[in-house]
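Structure assessment
Residues per chain, in single letters:
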Amino acid sequence: MRSKERFRGLLRSPILTWDAIFRGRYRFVYDQIPFAVNRMSMKKRINLFKSGFNLVYRRLTPMNMPLHMQIELTNYCNLRCPVCPTGIRAVKRKPTAMDVDLFDRVIDEVGPYLLTVSLWAWGESLLHPELQKILSAVRRHKIAVLVSTNGQNLNDEPVVEALTREPPTHLIVAIDGLTDETNTKFRVGAKLNPILSGVRRIAEIKQKRGQQLPILHMRFIVMKHNQHEVPQMVDFAKTHHFDMLTVRTLSIIDSESIDQTHQDLIPSQLEFRAYNYKYGTRFERRDYICQEPFWFPTVFADGTLVACEQDYNSQQSLGVISEMVSFRDLWFSRRAAEVRKIIRDNPQSLSFCQNCPYRDREGTDCSIKAHFLNTKIDFPNLI
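Quick caveat, the model's predicted, so the values are computed rather than measured.

**Some thoughts on the overall build of the protein chain**
For the protein chain, the helix and strand inventory stands at 13 helices and 14 strands. For 383 residues, the compact-globule estimate of 2.2 N^0.38 gives 21 Å, and the protein chain sits close to it at 20 Å. Once the C-alpha set of the protein chain is aligned to its principal axes, its extents read approximately 55 × 50 × 40 Å. Contacts spanning at least 24 positions in sequence make up 74% of the contacts within the protein chain whose residues lie at least 6 apart. A total accessible area of about 16,800 Å² is found for the protein chain, and carbon and sulfur atoms account for 51% of it.

Next comes the structure, spelled out in structure tokens:
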């Protein structure tokens, strides 16, 4: 969050508080995706109100449960993307898929408070062997559910069945090239055919059943080798049955070994760059206020809780959720307060804070443009 965003939030807080507490509604934008929550439970209203105090003072032990959460379904992937910790084999955690019972415990404990849950982190979500059970569990709660995929098994029948029987709100499909040649330069090992055939199949099922979800959401990262395809993106997305398209900029990750790889991918067109550069060095901004540890934690596939998803090797773990240890035990713990204090007061001591993908952006969204392609969908009002 930029300081100007924080200031705007404080100015709007009286109206937001009235709408949330007394009307049970809240509108927000999450990485260029608009959402409107209506008829919120009292538990969620109070949690949203408490979370607002983090805009004033980031307490080391916050009064609130999270507003947003990231849950890693798997920490392994079928591609080798060159600036992804999983793709370059920088993730040192044991490859695993989240246990369904663990997921149930976490989502039933935290779900009543959440606005959004993102079912991915450092692995391919659709490789989870019990995907339908996971989606069924999260749909017990009134939450915006986002699933991101590289789409390589999107045409598998069990995956299609899971995504249409227990649909997430947004199915975000990563396509970074409009041909196999372009796409595979970044999505190493990817093919477009399984992606597009899977999207077509889901779109057909949605139409047959008269359902809006999942929103078929194409996401395109603009890089040097694909920037020439930007003018064709919207037509491509419409032709292949996507409901929405977001244009994204390339983020850095916490790894010194890929600096040159990242540099080689930076687009020459300035409007598609995530960061400004001076003499070849990323321009550092000083107005970033990190909110991740205070309302947006991540649970990894083995149950490890971290304050920020960028801590992909759990350098600063808050602990591990288990049958004996709940999310609350860790979220309100002394250890969590210690980690928040480091991130709040001395972020430069942590490598994943030094290489924060959000800190040096002009705005904190990674996406810079949204195209709403299906006029029959009321995009905000789907929670």
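On we go from here.
**Observations regarding the packing of helix H4 (residues 131-138) against helix H5 (residues 157-165)**
Think of two packed helices as two axes; the pair is described by the angle between the axes and how far apart they sit. One can describe the packing of H4 onto H5 by two numbers: an axis separation of 9 Å at closest approach and a directional angle of 10°. By the angle between their directions, the pair H4 and H5 is classed as roughly parallel. Contact residues: Leu131, Gln132 and Leu135 in H4; Val159, Glu161, Ala162, Leu163 and Arg165 in H5. Split by residue class, the contact of H4 with H5 holds 5 nonpolar, 1 polar and 2 charged.

**Overview of the packing of H5 against helix H7 (residues 192-209)**
Direction vectors running N to C along H5 and H7 enclose 40°, while the axes themselves pass 10 Å from each other. Taken together, the axes of H5 and H7 lie oblique to each other. In this structure, H5 meets H7 at a crossing whose hand is right-handed. Between H5 and H7, the residues in contact are Glu157, Val160, Leu163, Thr164 and Arg165 and Arg201, Ile202, Ile205 and Arg209, respectively.

**Regarding the packing of aromatic side chains**
Any aromatic ring pair is given by two values, namely how distant the centres are and how the planes are angled relative to each other. Per the stated rule, a full pass over the model turns up 7 aromatic pairs. Taking 5.6 Å as the distance between ring centres and 25° as the angle between the ring planes, the aromatic pair formed by phenylalanine 327 and tryptophan 331 counts as stacked. Pair noted here: phenylalanine 327 and tryptophan 331 are both in helix H11 (residues 327-331), with a separation of 4 residues, about one helical turn. By relative accessible area, tryptophan 331 is classed as buried at 0%. An aromatic cluster is defined as three or more aromatic residues linked by ring pairs; in this entry it consists of Tyr26, Phe28 and Phe35. The residue whose ring lies beneath arginine 93 is phenylalanine 300, and the NZ or CZ to ring-centre distance is 3.8 Å. A cation sits over an aromatic face here: arginine 282 above tyrosine 275, 5.4 Å from the ring centre.

**Comments concerning the layout of surface pockets**
Empty space within the second largest pocket amounts to approximately 460 Å³. Lining the second largest pocket are 19 residues, with Ile252, Ser255, Asp259, Arg282 and Asn355 positioned closest to its centre. At the level of secondary structure, the elements contributing two or more residues to the lining of the second largest pocket comprise helix H9 (259-265), strand E10 (281-282) and helix H13 (351-354). Looking at which element gives the most residues to the lining of the second largest pocket, the answer is H9, with 3 residues. For the lining of the second largest pocket, the class distribution of residues is 4 nonpolar, 9 polar and 6 charged.

**With respect to the sheet that holds strand E7 (residues 215-221)**
Strand pairing in a sheet relies on backbone hydrogen bonds, with the paired strands running either antiparallel or parallel. The strand order across the open sheet built from 10 strands is E13-E12-E11-E3-E4-E5-E6-E7-E8-E14, with neighbouring strands paired in mixed fashion. The open sheet terminates on both sides in strands that have one partner only, identified here as strand E13 (319-320) and strand E14 (367-372). In this sheet, strand E5 (residues 144-149) lies alongside strand E4 (residues 116-118) in parallel orientation, the contact comprising 3 bridges. Its bridge partner lying in E5, valine 117 is registered against valine 145. Sheet strands touched by H7: strand E6 (170-174) and E7. Its angle to E7, the strand with the most contacts, is close to 155°.

**What about the environment of arginine 201?**
Note on placement: arginine 201 falls in helix H7. Residue classification places arginine 201 among the partly exposed residues on the basis of a relative accessible area of 35%. Considered as a pair, arginine 201 and glutamate 157 are 44 residues apart in the sequence and their alpha carbons are 9.6 Å apart. Beyond its immediate sequence surroundings of up to four residues, arginine 201 is in contact with Glu157 and Val160.

**Quick notes on the side chain of serine 125**
Secondary-structure assignment places serine 125 in the loop between E4 and H4. For serine 125, the side chain forms a polar contact with the main-chain oxygen of leucine 119, separated by 2.5 Å. Ignoring anything within four residues of it in the chain, the contact list for serine 125 reads Leu73, Thr74, Leu119, Trp120, Leu131, Val147 and Ser148.

What counts, and where the lines are drawn
Residues numbered from 1 in each chain as written. Predicted model: local features only at pLDDT ≥ 70, side-chain atom pairs only at ≥ 80, totals over all residues. Heavy atoms only, no water. Helix = DSSP H or I, 4+ residues; strand = E, 2+ residues; numbered from the N terminus. Rg over C-alpha atoms; globule rule 2.2 N^0.38 Å. Contact = heavy atoms within 4.5 Å. Areas by Shrake-Rupley, 256 points an atom, 1.4 Å probe, with all protein chains shown as cover. Axes fitted to C-alpha atoms, helices over the stretch in contact; angles between N-to-C directions. Parallel < 35°, antiparallel > 145°, perpendicular 65-115°, else oblique. Nonpolar A, V, L, I, M, F, W, Y, C, P; charged D, E, K, R; others polar. Left-handed = near helix turned anticlockwise from the far one by under 90°. Phe/Tyr/Trp six-rings, centres within 6.5 Å; stacked < 30°, edge-to-face > 60°. Buried < 20%, exposed > 50% of the residue type's maximum accessible area, 1.4 Å probe, protein only. Lys NZ or Arg CZ within 6 Å of the ring centre and 35° of its normal. 1 Å grid on protein atoms, 1.4 Å probe; cavity = no way out; pocket = protein on both sides within 12 Å on 5 of 7 lines; lining within 4 Å. Points joined across faces, edges and corners; volume = space filled by probe spheres on them. Pairing = 2+ DSSP bridges. Polar contact = N/O pair within 3.5 Å; in protein donor to acceptor, adjacent residues only side chain to side chain.

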